[in-house]
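A structural walkthrough
One letter stands for each residue in the lines below.
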Amino acid sequence: MNFLIKIKILLFFLFIKFFSKIEKILMKNFEEYFSYLFFSSNHPSRIHEVSQKLKSFDYWKKNNNNFNSKFFINTNKTKNKIIFVGDSQAEYLSRIINNRNDILSLNSKSLWLGTSLVIGLNSDRTVQKMMNKINLLLKNNNTKDKIVIITLGTIDIRAIFYELLVTKTVRNEFELLKIFTSGLDNFIKKFKLLLNKKGYKKIGIIEIFNSDKKGGEPKNYHEIKMIKIKNQYPTFGSINQRKEWTNKANKIIKKLAKKYNISFIPNQMTSNSGNEKVLGDGVHPTSKFLIQKINKNILNVIN
């Protein structure tokens, strides 16, 4: 990797951290904006990864071509750029580079919308905030070579469905799925309208991933709250229970994709990933085989 490129990355990083200090005063999220602009993702883990690279002696070694092997995945070069928009799955699915000399993903981007619950998308205010962020970060140049993929719903399946049923916030599963449907419908409708105005025509939505964790089965809200305090990524309900919810939610996604004429992308979870663990932390896809397979499948489905 060219030493000047490494210096450039360092300067970008220092620039972003400088503005992250100013944003506390001006109440503007400069770090997210510049992280997306310079490092292809506004997710906090992208900045963290760059920070770790810069602190590593290996990064500064001459002709070190294997330093990205643990974080980014080599893939075939393509003129198409895939932009993942949604929850934290967007960050993991966008970890693609063209060759081993790249330090950052050039043809994949992650536009993270924060901790995103499909159930919460019934709020027009919440959706509008998301649209404002998308409108700010998503540029409208060279859109014919860009594909935008929605990634939403994993948190709902992993934790929220169980919580709403146990706390009796919803009366039954039928009402729960109805709220899920209306929330996602509200988002896709506004999302597609915004993207069409910007000139984007290639839009898709990916199936939900089900966590492979066993999952706790708390009996009330207090027990749920205690688990959430101790665990950043709580998982509730049995694997089979969540599998059933995942199947039902994905049928809803497929139906809405057809309604709004956007592509439905299978999550490839049944693909053979060799000895790699598909979900490294039980929640996010970390299998290089799987991530590469999904990215290639997106190109096959949409192009």
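Up top you'll find the structure we're talking about.
A short tour of the structure in this document, coming up.

What about the overall build of the protein?
Tallying secondary structure elements over the protein gives ten helices and seven strands in all. With 303 residues in all, the protein has 52% of them scored as buried. Sequence separation of 24 or more characterises 74% of the internal contacts of the protein that already satisfy a separation of 6 or more. Here the protein displays about 15400 Å² of accessible surface, and carbon together with sulfur accounts for 55% of that area.

Details of the sheet that holds strand β2 (residues 81-86)
One open sheet accounts for five strands, arranged β4-β2-β5-β6-β7; its pairing is parallel. The strands lining the two open edges of the sheet, one partner per strand, are β4 (108-112) and β7 (263-265). Sheet twist, expressed as the average angle between the axes of neighbouring strands with direction ignored, equals 25 degrees. Strand direction decides the pairing type here: β2 and strand β5 (residues 146-151), joined by six bridges, are parallel. Counterpart to I83 in the pairing with β5 is V148.

Some points on the side chain of N295
Tracing the backbone shows N295 in helix α10 (residues 288-302). Assessed through its relative accessible area of 4%, N295 is described here as buried. In this structure the side chain of N295 is engaged in a polar contact, spanning 2.8 Å, whose partner is the backbone oxygen of I291. When sequence neighbours within four positions are dropped, the list of residues in contact with N295 reads I82, F84, L93, I96 and S108.

A word on unusual backbone geometry
Phi at S40 takes a positive value of approximately 70 degrees, unusual for a residue other than glycine. Among the secondary structure elements, S40 is positioned in the loop between α2 (30-39) and α3 (44-55). Accessibility expressed as a relative area gives 6% for S40, which makes it buried.

A short note on the pattern of salt bridges
One pass over the structure, following the stated rule, counts ten salt bridges. Among the salt bridges present, the one from K17 reaches E31, with a minimum N-O distance of 3.7 Å. Here K17 is found in helix α1 (residues 3-26), whereas its partner E31 is found in helix α2, with 14 residues between them in sequence. The exposure class assigned to K17 is partly exposed, which follows from its relative accessible area of 29%. If you follow the salt bridges from partner to partner, you end up with R46, E91 and R95 in one network.

Describing the packing of aromatic side chains
Inspection of the entire model under this criterion finds eleven aromatic pairs. Their ring planes at 5 degrees and their centres at 4.1 Å tell us that F12 and F38 sit as a pair that is stacked. Taken together, the residues F12 in helix α1 and F38 in helix α2 connect sequence positions 26 residues apart. Owing to a relative accessible area of 22%, F12 belongs among the partly exposed residues under this scheme. Summarising the aromatic geometry, the rings of F187 and F191 are spaced 5.3 Å apart at their centres and angled 15 degrees between planes, so their arrangement reads as stacked. Highlighted residues: F187 and F191, both in helix α7 (residues 173-198), separated by four residues, approximately one helical turn.

Thresholds, definitions, all that
- Residues numbered from 1 in each chain as written.
- Predicted model: local features only at pLDDT ≥ 70, side-chain atom pairs only at ≥ 80, totals over all residues.
- Heavy atoms only, no water.
- Helix = DSSP H or I, 4+ residues; strand = E, 2+ residues; numbered from the N terminus.
- Buried < 20%, exposed > 50% of the residue type's maximum accessible area, 1.4 Å probe, protein only.
- Contact = heavy atoms within 4.5 Å.
- Areas by Shrake-Rupley, 256 points an atom, 1.4 Å probe, with all protein chains shown as cover.
- Pairing = 2+ DSSP bridges.
- Axes fitted to C-alpha atoms, helices over the stretch in contact; angles between N-to-C directions.
- Polar contact = N/O pair within 3.5 Å; in protein donor to acceptor, adjacent residues only side chain to side chain.
- Salt bridge = Lys/Arg side-chain N within 4 Å of Asp/Glu carboxyl O.
- Phe/Tyr/Trp six-rings, centres within 6.5 Å; stacked < 30°, edge-to-face > 60°.

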